[in-house]
Amino acid sequence: MLGIYCMCVMSSAMHLQEQKHLYNSTYVNTIARRYFTKLVRGVLKAKQMPHPMLDLRCENFIKDTAAEMRRLCKFLGVSCPTGYIRDSTGIVRSSPSITRHHVSWLKSTKEFVQRKMQDYDFLDGYSFEV
């Protein structure tokens, strides 16, 4: 059995129940802290898994869906027909959704996120600009 551990940074962590929360900086602070608490648990569990792991970055998947689909299929040991790649490429966004640009951030929350990002090697290469 193979295990896949896929992390998409802040935007996927913010499953907001109502749109109005986007502008509530206290709520954003709570969600950011909750995200990193869950991230720690997820990373610890992933490290304990005896199965190989594949790092899929959302940005790379959007940038070159075909190559990332081939890489994923190879990792899973399944075939990746041309039609499957074509169909998959057709439904992927043309650019990432960067919801953090639509959120009201407290300075302390931004600083917290920037500090915590440094704790995880799979977040290397990401930056946090609002």
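Undergrad: It is not clear to me how helix H6 (residues 107-117) should be interpreted in this structure. Could you clarify?
TA: Because the α-helix completes a turn every 3.6 residues, residues three or four places apart line up on one side. Every buried residue of H6 is listed here: Thr109, Phe112, Val113 and Met117. Buried residues of H6 fall within an arc of 130° about the axis and therefore sit on the same side.

Undergrad: So what exactly am I meant to see when it comes to the side chain of asparagine 29 here?
TA: Assignment of secondary structure puts asparagine 29 in helix H2 (residues 25-48). By relative accessible area, asparagine 29 is classed as buried at 17%. Leave out the neighbours within four places in its chain, and asparagine 29 touches Leu106 and Thr109.

Undergrad: Please clarify how helix H4 (residues 65-76) should be interpreted in this entry.
TA: In this model, H4 (twelve residues) spans 16 Å end to end at C-alpha, consistent with the 16 Å of a helix rising 1.5 Å per residue. Taken residue by residue, H4 has Thr65, Ala66, Glu68, Met69, Leu72, Cys73 and Phe75 as its buried positions. At its buried positions, H4 is contacted by helix H3 (58-63) and helix H5 (82-91). With its phi angle positive at about 75°, glycine 77 sits one or two positions after the end of H4.

Undergrad: I keep staring at the pattern of salt bridges and nothing clicks. Help me out?
TA: Between side chains of opposite charge, a pair can form as their charged atoms come close. Scanning the model with the defined rule gives five salt bridges in all. Close ionic contact of arginine 57 with aspartate 55 constitutes a salt bridge, the shortest N to O distance being 3.9 Å. Aspartate 55 sits in the partly exposed class, given a relative accessible area of 38%. The partner of glutamate 68 in a salt bridge is arginine 71, and the shortest N-O contact between them spans 2.9 Å. Of this pair, glutamate 68 and arginine 71 both sit in helix H4, separated by three residues, roughly a single helical turn.

Rules used throughout
- Residues numbered from 1 in each chain as written.
- Predicted model: local features only at pLDDT ≥ 70, side-chain atom pairs only at ≥ 80, totals over all residues.
- Heavy atoms only, no water.
- Buried < 20%, exposed > 50% of the residue type's maximum accessible area, 1.4 Å probe, protein only.
- Helix = DSSP H or I, 4+ residues; strand = E, 2+ residues; numbered from the N terminus.
- Arc of directions from axis to C-beta.
- Contact = heavy atoms within 4.5 Å.
- Expected span 1.5 Å × (residues − 1).
- Salt bridge = Lys/Arg side-chain N within 4 Å of Asp/Glu carboxyl O.

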